[in-house]
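# A closer look at the structure
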2 protein chains.
Amino acid sequence: MLKYEVIARDMLATIENNKMEQGDQLPVLEDFVAQYGVSKNTIIKALELLETHGIIYQVRGSGTFVRGHRRQGYINLIENQGFNSALRDFKLTSVILALDVIAASEEVAYNLKIDVGQEVYYVKRLRKIEDRIFCVEDSYFDKSIVTFMNEQIVSDSIFQYLTKGLNLKVGFSDQFLRAFKLNQENADHLKLSVGDPAILVESIYHLQNGQPFDYSKIVYHYEETQFFAQGNSYYSLIDFD
Amino acid sequence: MLKYEVIARDMLATIENNKMEQGDQLPVLEDFVAQYGVSKNTIIKALELLETHGIIYQVRGSGTFVRGHRRQGYINLIENQGFNSALRDFKLTSVILALDVIAASEEVAYNLKIDVGQEVYYVKRLRKIEDRIFCVEDSYFDKSIVTFMNEQIVSDSIFQYLTKGLNLKVGFSDQFLRAFKLNQENADHLKLSVGDPAILVESIYHLQNGQPFDYSKIVYHYEETQFFAQGNSYYSLIDFD
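What counts, and at which threshold
Residues numbered from 1 in each chain as written. Chains lettered and ligands numbered in written order. Predicted model: local features only at pLDDT ≥ 70, side-chain atom pairs only at ≥ 80, totals over all residues. Heavy atoms only, no water. Helix = DSSP H or I, 4+ residues; strand = E, 2+ residues; numbered from the N terminus. Buried < 20%, exposed > 50% of the residue type's maximum accessible area, 1.4 Å probe, protein only. Contact = heavy atoms within 4.5 Å. Areas by Shrake-Rupley, 256 points an atom, 1.4 Å probe, with all protein chains shown as cover. Pairing = 2+ DSSP bridges. Axes fitted to C-alpha atoms, helices over the stretch in contact; angles between N-to-C directions. Parallel < 35°, antiparallel > 145°, perpendicular 65-115°, else oblique. Left-handed = near helix turned anticlockwise from the far one by under 90°. Nonpolar A, V, L, I, M, F, W, Y, C, P; charged D, E, K, R; others polar. Salt bridge = Lys/Arg side-chain N within 4 Å of Asp/Glu carboxyl O. Phe/Tyr/Trp six-rings, centres within 6.5 Å; stacked < 30°, edge-to-face > 60°.

When helices and strands are counted, chain A shows eight helices and 10 strands. When each of the 241 residues of chain A is scored for burial, the buried share is 55%. A separation of at least 24 residues holds for 59% of the contacts in chain A among residues at least 6 apart in sequence. Roughly 10900 Å² of accessible area belongs to chain A as shown, and the carbon and sulfur atoms make up 46% of that amount.

So, in structure tokens, the structure goes:
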């Protein structure tokens, strides 16, 4: 990890440990320089990294402030590291319904940019938060990238295994979200009724080189889940005229 | 606008006009330097801006690629400029149901960080896409910031008025999303049935100085709308241990 990344992580830990809230002001540049004993430039890069991730915002001539948001229990649609971090204050468990190597369907092949029939790991899980089922997850992993999985791995955090175990460099993700009426199978899984609302999130996770490796379809319990997204200012790219 | 912002907009226009897709490669740094007649540093800043907005991704040692995504008709949860840009290929119209100055309720005051009873503009609109109703929108604007509105303004793009007319510097937004069952009033508006699924998005828009100025609650027609969010890699900030 580069020096400015280490410092950014430390700043984030400080914000979290001190339970700083939106609008709380951070120290000025010079104080950070003195505190960390690094160059102005390194501090600027650390702050830019935190800004990109929606942790802080900088106001010209006025200072740096905590961005955050004031609602707990929301799943962040923009973070990439799976639930175990988004919901880290809660006890998460999984029930494994399937773990197989299968041939990619057309839909899976399209989303993973592989050939139809190519081998993928298929994992189906019920996810529980504090022993309440909050989603049904179907995941497909390109087996040429995710070369090995077993019951123990998929019963824990798959993303932790991918990054720490397989040492994959996880990059960006695309998330597609819509509401629909539950069918019988998913209603049974979520202990809801046919026709009840549900949210479907399709996710495509890419390596840092842009290659997709994980296509997941998650059906969420509408009473147990809510989502959060941070918008960046886009004013300088969009032409309003 | 700064030079690198002008260049970033031009690069974005080129990507869109050439209908470039995810994975398509952009010219190398030196070619951009020659094309725009500016310094390497300016090109790097333009590319960083595009990367922050999820337009491109850079792979060390390999080049710069279009990020994009391959699905049309999704509303981007991360862009800040309202629908008129997100859905700019479609014909959008509004039916105004209310336009009043009212006293802020507790909920509105909390989200706009103002005092209960302070004056806000309240706007209620049905939004139509190609003459099909796709959402019911309740918006509350802090009147000390959004000092004037009228029927003509709210029948068009409010964000265009705020940025071009009032010259407000729009910054980041927070978006909260969940599914629920429609009540009678919104079912009537959306021409759906009571109990049908709906998506509620609550948005808080801030000025660049961090001050909230717009709190909106939008109920979406579940068959007419789907959402898109781009996740950034977060690996360097999150400690998996």
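This brings us to the sheet that holds strand β3 (residues 75–76) of chain A. Overall, mixed pairing links the eight strands, which are arranged β3(A)-β10(A)-β7(B)-β8(B)-β9(B)-β6(B)-β5(B)-β4(B) in an open sheet. Of all the strands in the sheet, just β3 of chain A together with β4 (92–103) of chain B have a single pairing partner and so form its edges. Relative to strand β9 (residues 212–221) of chain B, strand β8 (residues 197–207) of chain B runs antiparallel, the two being bridged by nine bridges. Each residue of the ladder has a partner; that of Ile-204 of chain B, found in β9 of chain B, is Tyr-215 of chain B. Along the sheet, helix α7 (residues 158–165) of chain B makes contact with β5 (119–129), β6 (132–142), β7 (170–181), β8 and β9 of chain B, crossing β9 of chain B at roughly 160 degrees.

Residue and element names in this part refer to chain A. At a closest axis distance of 8 Å, the pairing of helix α1 (residues 3–17) and helix α3 (residues 40–52) adopts a crossing angle of 60 degrees. Comparing the axis directions of α1 and α3 gives the class oblique. Crossing of α1 against α3: the hand is right-handed. Taken together, the residues of α3 that come into contact with α1 (itself represented by Lys-3, Tyr-4, Glu-5, Ile-7, Ala-8, Met-11 and Leu-12) are Thr-42, Ile-43, Lys-45, Ala-46, Leu-47, Leu-49 and Leu-50. Of the residues that constitute the contact of α1 with α3, the class distribution is 10 nonpolar, one polar and three charged.

Below, the discussion takes up the pattern of salt bridges. Applying the stated criterion across every chain yields a total of 19 salt bridges over all chains. Two residues, Lys-124 of chain A and Glu-185 of chain A, come together in a salt bridge whose shortest N-O distance is 3.6 Å. Taken as a pair, Lys-124 of chain A in strand β5 (residues 119–129) and Glu-185 of chain A in helix α8 (residues 184–190) lie far apart in primary sequence, 61 residues in all. Lys-124 of chain A gets classed as buried once you look at its relative accessible area, which sits at 11%. Classification of Glu-185 of chain A by relative accessible area gives partly exposed; the value is 43%. A salt bridge links Arg-125 of chain B to Glu-137 of chain B; the nearest nitrogen and oxygen atoms lie 2.9 Å apart. Taken as a pair, Arg-125 of chain B in strand β5 and Glu-137 of chain B in strand β6 lie far apart in primary sequence, 12 residues in all.

All names here are of chain A. Examined bridge by bridge, strand β1 (residues 56–59) and strand β2 (residues 63–66) share four bridges and lie antiparallel to one another. Bridge pairing links Val-59 to Gly-63 in β2. Connecting β1 to the next strand, β2, in antiparallel fashion are three residues, including Gly-61 with a positive phi near 80 degrees.

The next thing to look at is the packing of aromatic side chains. Throughout the structure, instances matching the rule amount to 20 aromatic pairs over all chains. Relative to Tyr-36 of chain B, the ring of Phe-32 of chain B lies with its centre 6.2 Å away and its plane at 25 degrees, an arrangement referred to as stacked. Of this pair, Phe-32 of chain B and Tyr-36 of chain B both sit in helix α2 (residues 29–36), four residues apart, which is roughly one turn of the helix. Seen in terms of ring centroids, Tyr-122 of chain B and Tyr-140 of chain B are 5.0 Å apart; in terms of plane orientation they differ by 20 degrees. Their pairing is stacked. Pair noted here: Tyr-122 of chain B is in strand β5 and Tyr-140 of chain B is in strand β6, with a separation of 18 residues, a long-range link. A relative accessible area of 15% means that Tyr-122 of chain B is categorised as buried. Owing to a relative accessible area of 13%, Tyr-140 of chain B belongs among the buried residues under this scheme. By way of ring pairs, the aromatic residues Tyr-57 and Phe-65 of chain A together with Phe-172 of chain B are connected into one cluster.

Turning our attention to the packing of helix α2 (residues 29–36) of chain A against α3 of chain A. Residue and element names in this part refer to chain A. Put simply, α2 and α3 touch, their axes get as near as 9 Å, and they point 110 degrees apart. Relative to α3, the element α2 is oriented roughly perpendicular. On α3, the residues touching Leu-29, Glu-30, Phe-32, Val-33 and Tyr-36 of α2 are Lys-40, Ile-43, Ile-44 and Leu-47. The residue inventory of the contact of α2 with α3, partitioned by class, reads seven nonpolar, no polar and two charged.

Function-wise, these values are silent; they only describe arrangement.
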